[in-house]
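Each chain, letter by letter, is given below.
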Amino acid sequence: MKRKANWKVFAVCFVAGLVLAGMPVQAQVMPVPRSTEPGFAAIAQAQLETIHYMAHVFLARNGVYPESLQELRDSPYWVVDILNQYTGLPIQQIPFIPRDEDFAVAGALPEGGVFGAVEEESPEPRTGQVIVNEDGTRRVAMAGTRIEPGRVMFPSPGDILYYGDMDSLQLVMYDDAGAWQELWVELPFNYRAANLRVVKSMRPRSDFLVAEMATHLELLLPGMYNRYLFLTDQPTLPPDELEEKLTWHFEEIAEELSLQYVNPVKRRPFMRADYYSPGDMAVTGWLDEDGRFYFLDGRRARSLLELTDEDVLREHSSAIKRRDKLVARHADDVPAQSD
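Since the structure is predicted, the reported quantities are computational estimates derived from the model, not experimental observations.

1. Here's the deal with the overall build of the chain
Move 1: The helix and strand tally for the chain stands at ten helices and 15 strands.
Move 2: In the chain, which comprises 339 residues, the proportion classed as buried is 49%.
Move 3: Contacts in the chain between residues at least 24 apart in sequence constitute 60% of all its contacts with a sequence separation of at least 6.
Move 4: Here the chain has roughly 16,800 Å² of accessible surface; of this, 53% comes from carbon and sulfur atoms.

Shown next as structure tokens:
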């Protein structure tokens, strides 16, 4: 039974890494030492992917990855809190200053698969996509170096090695036996973050942040949770049941992965609200409309697709006008007192 679980950890995480990087499956791939404990691996991978998603949003808005985990945490783009799965405390960056001998001498696929040695003295760094800085200037992304995860001595379990060089980003999380889970991106790529847009650029900046959080909640969390259930030999959830849980029990799903959503407007835990509360999920009876909506600044409520898809926004224009009138009418209602 354990062997089967370990095989599933490797197979699912390896293929997910190839998809994340946009790379084809390559032959003769050798795995590096990594954790095969199913629960740790599933939670670590969800956390690494979440950090990479937010770091890539940061890059898309600023033209560079954040220099440290703390810089990302201090930015407005930190919309999901990451908790150490061993301690329950906020995740910390593992302090590590690499020496020359600490750098890997082989390339790696996302999540740690080695695909062959590279020359130690490459004449030119690899280049990739054009990155647009926030001021509008453009530059070509350049690949950097990667640390050999095994060179980090006595890493704190459940915390993260965060290392960026040029436009490469390496995230490594260690279990309590010193084995690790790794997400390595040589050149910037994250499909969800790269394609995250709000329809109206003149709206408050918080609209983009709500869309960033909602994208993770609706489009990333379901796959992360079902992967966790699968790797830990639990029944996965069908789409309709998972969809319902995203609205009424998202806190429980996130807690399983040691994640906690942040209201990007008020910078406190994200929650369901039966009153007008910008940045929270709208579950009030007076809205009287099917769907999952988020309260926004300016006395508005939108679904994720209405925020990000111009065709949906246009198609729902009549419903949106009616909905916004209801929000404006009830915006000053006093929140119900809990018992």
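2. As for the packing of helix α2 (residues 38-62) against helix α5 (residues 205-231)
Move 1: Packing of α2 against α5 leaves a shortest axis separation of 10 Å and a crossing angle of 160 degrees. Judged by the inter-axis angle, α2 sits roughly antiparallel to α5. For the pair α2 and α5, the crossing hand works out as right-handed. Between α2 and α5, the contacting residues are P38, A42, I43, Q45, A46, E49, T50, Y53, M54, V57 and R61 on the first element and F208, E212, T215, H216, L220, M224, R227, Y228 and L231 on the second.

3. Details of the packing of aromatic side chains
Move 1: Scanning the entire structure with this criterion turns up eleven aromatic pairs.
Move 2: Pairwise contacts between aromatic rings join F250, Y261, F270 and Y294 into one cluster.
Move 3: One Lys or Arg, R61, reaches over the ring of F208 and ends 3.9 Å from the middle of that ring.

4. Points about the sheet that holds strand β7 (residues 160-165)
Move 1: Taking strand neighbours across the sheet as the criterion, the three strands line up as β7-β8-β9 in an open arrangement whose pairing is antiparallel. Both outer strands of the open sheet, β7 and β9 (180-185), are each paired with one neighbouring strand and no more. Averaged over all pairs of adjacent strands, the angle between strand axes in this sheet comes to 10 degrees, irrespective of strand direction.
Move 2: In terms of strand pairing, β7 meets strand β8 (residues 168-174) through six bridges, oriented antiparallel. From the neighbouring strand, Y162 faces β8, where its bridge partner is L171.
Move 3: Packing of α2 onto the sheet brings it into contact with β7, β8 and β9, and relative to β9 it is tilted by some 25 degrees.

5. Quick word on the sheet that holds strand β13 (residues 281-282)
Move 1: Read from one edge of the open sheet, four strands run β12-β13-β14-β15, paired in mixed fashion. Strands with a single pairing partner mark the edges of an open sheet, and in this sheet they are β12 (272-273) and β15 (300-302).
Move 2: Its contacts with the sheet put α5 on β13, β14 (293-296) and β15, and the angle it makes with β14 is roughly 160 degrees.

6. A few points about helix α6 (residues 239-248)
Move 1: For α6, the set of buried residues is L242, K245, L246 and T247.
Move 2: If you follow the buried residues of α6, they end up packed against α5, α7 (250-256), β12 and β13.

7. Thoughts on the side chain of T284
Move 1: Here T284 shows up in the loop between β13 and β14.
Move 2: Given a relative accessible area of 8%, T284 falls into the buried group.
Move 3: Beyond its immediate chain neighbours, meaning those up to four positions away, T284 contacts A273, D274, Y275 and F295.

8. Focus: the pattern of salt bridges
Move 1: This model, assessed by the stated rule, comprises 17 salt bridges.
Move 2: Between R146 and E182 there is a salt bridge, with its nearest N and O atoms 2.8 Å apart. One end of the pair, R146, is in the loop between β6 (138-142) and β7; the other, E182, is in strand β9, and 36 residues separate them in sequence. For the pair R146 and E182, one class covers both residues: buried.
Move 3: Between E289 and R323 there is a salt bridge whose closest N-O contact spans 3.0 Å. Separated by 34 residues along the polypeptide, E289 in the loop between β13 and β14 and R323 in helix α10 (residues 317-330) bring together distant segments of the chain.

9. Focus: the environment of I320
Move 1: Take I320: it is sitting in helix α10.
Move 2: Counting along the chain gives 18 residues from I320 to R302, while the straight-line C-alpha distance between them is 7.6 Å.

Cut-offs and rules
Residues numbered from 1 in each chain as written. Predicted model: local features only at pLDDT ≥ 70, side-chain atom pairs only at ≥ 80, totals over all residues. Heavy atoms only, no water. Helix = DSSP H or I, 4+ residues; strand = E, 2+ residues; numbered from the N terminus. Buried < 20%, exposed > 50% of the residue type's maximum accessible area, 1.4 Å probe, protein only. Contact = heavy atoms within 4.5 Å. Areas by Shrake-Rupley, 256 points an atom, 1.4 Å probe, with all protein chains shown as cover. Axes fitted to C-alpha atoms, helices over the stretch in contact; angles between N-to-C directions. Parallel < 35°, antiparallel > 145°, perpendicular 65-115°, else oblique. Left-handed = near helix turned anticlockwise from the far one by under 90°. Phe/Tyr/Trp six-rings, centres within 6.5 Å; stacked < 30°, edge-to-face > 60°. Lys NZ or Arg CZ within 6 Å of the ring centre and 35° of its normal. Pairing = 2+ DSSP bridges. Salt bridge = Lys/Arg side-chain N within 4 Å of Asp/Glu carboxyl O.

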